[in-house]
Amino acid sequence: MLDLPPVRGTLTAHRPLAELTWMRVGGPAEMLFQPADVDDLSEFLAALDPAVPVFPMGVGSNLIVRDGGIGGVVIRLGRGFNGISIEGGIVTAGAAALDAHVARKAAEAGLDLTFLRTIPGTIGGAVRMNAGCYGTYVADVLTSVTLVLRDGTVTQVATDALKLAYRQSVIPDGAVIVQARFTPPAGDPEALAQQMQDQLAKRDETQPTKDRTAGSTFRNPAGFSSTGQADDVHDLKAWKVIDQAGMRGATLGGAVMNTKHSNFLTNAGDATAADLEDLGEEVRKKVYASQGIELEWEIMRVGNRLGEDTAK
């Protein structure tokens, strides 16, 4: 049993995580910590044995938790971290705020964060992954973030220090994003609302939004997201190379590469995390063998496979 400091939030031992992820798979967290606020999180990390690993988790929209679970402490931010405020053209959002909510609030204030409307998940995950679509990325509008470092220090970091690139960032090990500040361009609220409606309609037409997926499975080999424009190039899109490898609709156990959009690894009902990850690896092998392209995972895979030590 982990020796943990006292908290004002909630600590739950051996908390099943499957129900906290969009894929609905995976084992338990050795310990799940839901801090009450930033001070609670900071004090906890400052007092926690530095040898204990921590993993910050959002709403599990871009995540496969392996069947053996996650050792150490999983940190899940909740109500104390989901505030959204707008002042002087700056949007400040807690890391647990949903991307879609931030986009809508900003639009109502005449600020354009519409690209976030169709991105599943929370602001913390969007910053960590430099989320983007329709030609706009978090890096284009992010001003700074507030982090709680592994030793409990609370610090504000400018965007440049995060070295944001396509689907990646540089954030210190064990650090937790707790807040982000954006300076988006201005726009007409009604026009922004209509733009988001159009984006949602296009997403629902082309993506399996009602299935159990974790969003795009692999990064586009081209190194950028779809622009959504008529002149968008598909040659090096992940779905395209998956199709060319003959893997659209491929299955393993309860996992399937979705027939509506082949870059969406899907839990068809009874998949294990191993089914999903192993099918993804099989896709990577087939694409490399047929086209010499090495697909990179966009979905995070964390924890241990069954039979591995969860304390690792």
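Parameters and conventions
- Here the residue numbering is sequential within each chain, running from 1 through the sequence in written order.
- Local features in a predicted model are, by the rule used here, given only for residues with pLDDT of at least 70; side-chain atom pairs are given and counted only at 80 or more, and totals for whole chains, interfaces and linings are based on all residues.
- As a rule here, side-chain values cover all heavy atoms of the structure and leave hydrogens and water aside.
- Think of it this way: any DSSP run of H or I at least four residues long counts as a helix, any run of E at least two long counts as a strand, and we number them from the N terminus.
- Only heavy atoms enter the contact rule, under which two residues are in contact if any of them lie within 4.5 Å.
- Geometry of aromatic contacts follows a simple scheme: Phe, Tyr and Trp rings, the Trp one being its six-membered ring, pair when their centres are within 6.5 Å, and the pair is stacked under 30 degrees between planes, edge-to-face over 60, tilted otherwise.
- Just to be clear on terms, a salt bridge is a Lys or Arg side-chain nitrogen sitting within 4 Å of an Asp or Glu carboxyl oxygen.
- To sort residues, take the accessible area from a 1.4 Å probe on protein chains only and compare it with the maximum for the residue type: under 20% means buried, over 50% means exposed, and anything in between is partly exposed.
- Any two strands with at least two DSSP bridges between them are considered paired.
- For helices, the fitted axis covers only the stretch in contact; all axes are lines through C-alpha atoms, and the angles between them, taken along N-to-C directions, range from 0 to 180 degrees.
- Each residue gets a pLDDT score, which is the predictor's confidence in that residue and runs from 0 to 100.
- Roughly parallel means an angle under 35 degrees; roughly antiparallel means over 145; roughly perpendicular covers 65 to 115; every other angle is labelled oblique.
- Amino acids outside the nonpolar list (Ala, Val, Leu, Ile, Met, Phe, Trp, Tyr, Cys, Pro) and the charged list (Asp, Glu, Lys, Arg) are all regarded as polar, and Gly is one of them.
- Directions pointing from the helix axis toward each C-beta atom define the arc.

## Quick word on the environment of Val138
Link 1 in the chain: With respect to the helices and strands, the residue Val138 is situated in helix 4 (residues 138–141).
Link 2 in the chain: Sequence-wise, Val138 and Ser290 are 152 residues apart; in three dimensions their C-alpha atoms are separated by 34 Å.
Link 3 in the chain: With residues up to four places along the chain from it excluded, the contact list for Val138 reads Phe115, Ala126, Val127, Asn130, Ala131, Leu164 and Phe182.

## Considering the packing of aromatic side chains
Geometrically, a pair of aromatic rings is defined through the distance of the ring centres and the angle of the planes.
Link 1 in the chain: Following the criterion strictly, the structure yields 2 aromatic pairs and no others.
Link 2 in the chain: Where Phe218 meets Trp297, the ring centres are 5.0 Å apart and the plane angle is 50°; that geometry is what we call tilted. On the criterion of sequence distance, the pair formed by Phe218 in the loop between strand 13 (212–213) and helix 6 (238–244) and Trp297 in the loop between helix 7 (273–291) and strand 17 (300–302) is long-range, its members being 79 residues apart.

## Some points on the pattern of salt bridges
Two side chains that carry opposite charge are able to pair once their charged atoms sit near each other.
Link 1 in the chain: Applying the stated criterion across every chain, the model contains 12 salt bridges.
Link 2 in the chain: Two residues, Arg66 and Glu277, come together in a salt bridge whose shortest N-O distance is 2.8 Å. Residue Arg66 is found in the loop between strand 4 (63–65) and strand 5 (70–76), and its partner Glu277 is found in helix 7; the two are separated by 211 residues along the sequence.
Link 3 in the chain: Look at Arg66 and you get buried, because its relative accessible area is 17%.
Link 4 in the chain: By relative accessible area, which is 7% here, Glu277 ends up buried.
Link 5 in the chain: Residue Glu296 pairs with Arg219 through a salt bridge whose shortest N-O separation is 3.0 Å. One end of the pair, Glu296, is in the loop between helix 7 and strand 17; the other, Arg219, is in the loop between strand 13 and helix 6, and 77 residues separate them in sequence.

## Regarding the sheet that holds strand 2 (residues 28–34)
Link 1 in the chain: If you walk across this open sheet you meet the 4 strands as 1-2-5-3, and the pairing is mixed. At either end of the open sheet lies a strand with only one pairing partner, and these are strand 1 (10–16) and strand 3 (54–57). Geometrically, the sheet is characterised by an average inter-axis angle of 30° between neighbouring strands, direction not taken into account.
Link 2 in the chain: Both strand 2 and strand 5 contribute to a ladder of 4 bridges, which runs parallel. Across the sheet, residue Ala29 finds its bridge partner in strand 5, namely Ile70.

## A closer look at the side chain of Ser262
Link 1 in the chain: Tracing the backbone through its elements, the reader meets Ser262 in the loop between strand 15 (255–257) and strand 16 (265–267).
Link 2 in the chain: In contact with Ser262, not counting residues within four places along its chain, are Trp239, Ile242, Asp243, Arg248 and Met257.

## Here's the deal with unusual backbone geometry
Link 1 in the chain: Even without a glycine there, the phi angle at Arg24 is positive, about 60°.
Link 2 in the chain: With respect to the helices, strands and loops of the structure, Arg24 is situated in the loop between strand 1 and strand 2.

## Some remarks on the sheet that holds strand 16
Link 1 in the chain: Read across the sheet, 4 strands follow the order 13-16-15-14 without closing on themselves; strand pairing throughout is antiparallel. Two strands bound the open sheet, and with one partner strand each, they are strand 13 and strand 14 (251–252).
Link 2 in the chain: Note that strand 15 and strand 16 share 3 bridges and pair antiparallel. Within the sheet, the bridge partner assigned to Ala255 lies in strand 16 and is Asn267.
Link 3 in the chain: Against the sheet, helix 7 contacts strand 14, strand 15 and strand 16, and its axis sits at roughly 35° relative to strand 15.

## Side note on the confidence of the model for the protein chain
Link 1 in the chain: Per-residue confidence for the protein chain gives a mean pLDDT of 93; residues scoring 70 or more make up 95%.
Link 2 in the chain: Taken together, the stretch residues 227–233 has pLDDT below 50 and engages in 7 contacts with residues farther than four places along the chain or on a different chain.

## Regarding the packing of helix 2 (residues 99–108) against helix 5 (residues 189–206)
Link 1 in the chain: Across the interface, helix 2 lies against helix 5 with an axial gap of 8 Å and an inter-helix angle of 155°. Taken together, the axis directions place helix 2 and helix 5 in an arrangement best described as roughly antiparallel. Facing Ala103, Arg104, Ala107 and Glu108 of helix 2, the residues of helix 5 in contact are Pro189, Leu192 and Met196.
Link 2 in the chain: Looking at side-chain class alone, the contact of helix 2 with helix 5 contains 5 nonpolar, no polar and 2 charged residues.

## What to know about helix 2
Link 1 in the chain: Listing the buried residues of helix 2 in full gives Asp99, Ala100, Val102, Ala103, Ala106 and Ala107. For helix 2, the angular spread of the buried residues around the axis is 160°, confining them to a single face.
Link 2 in the chain: Packed against the buried residues of helix 2 are strand 6 (84–87), strand 7 (90–94), helix 3 (123–128) and helix 5.
Link 3 in the chain: Immediately beyond the C-terminal end of helix 2, within one or two residues, lies Gly110, with a positive phi of roughly 75°.

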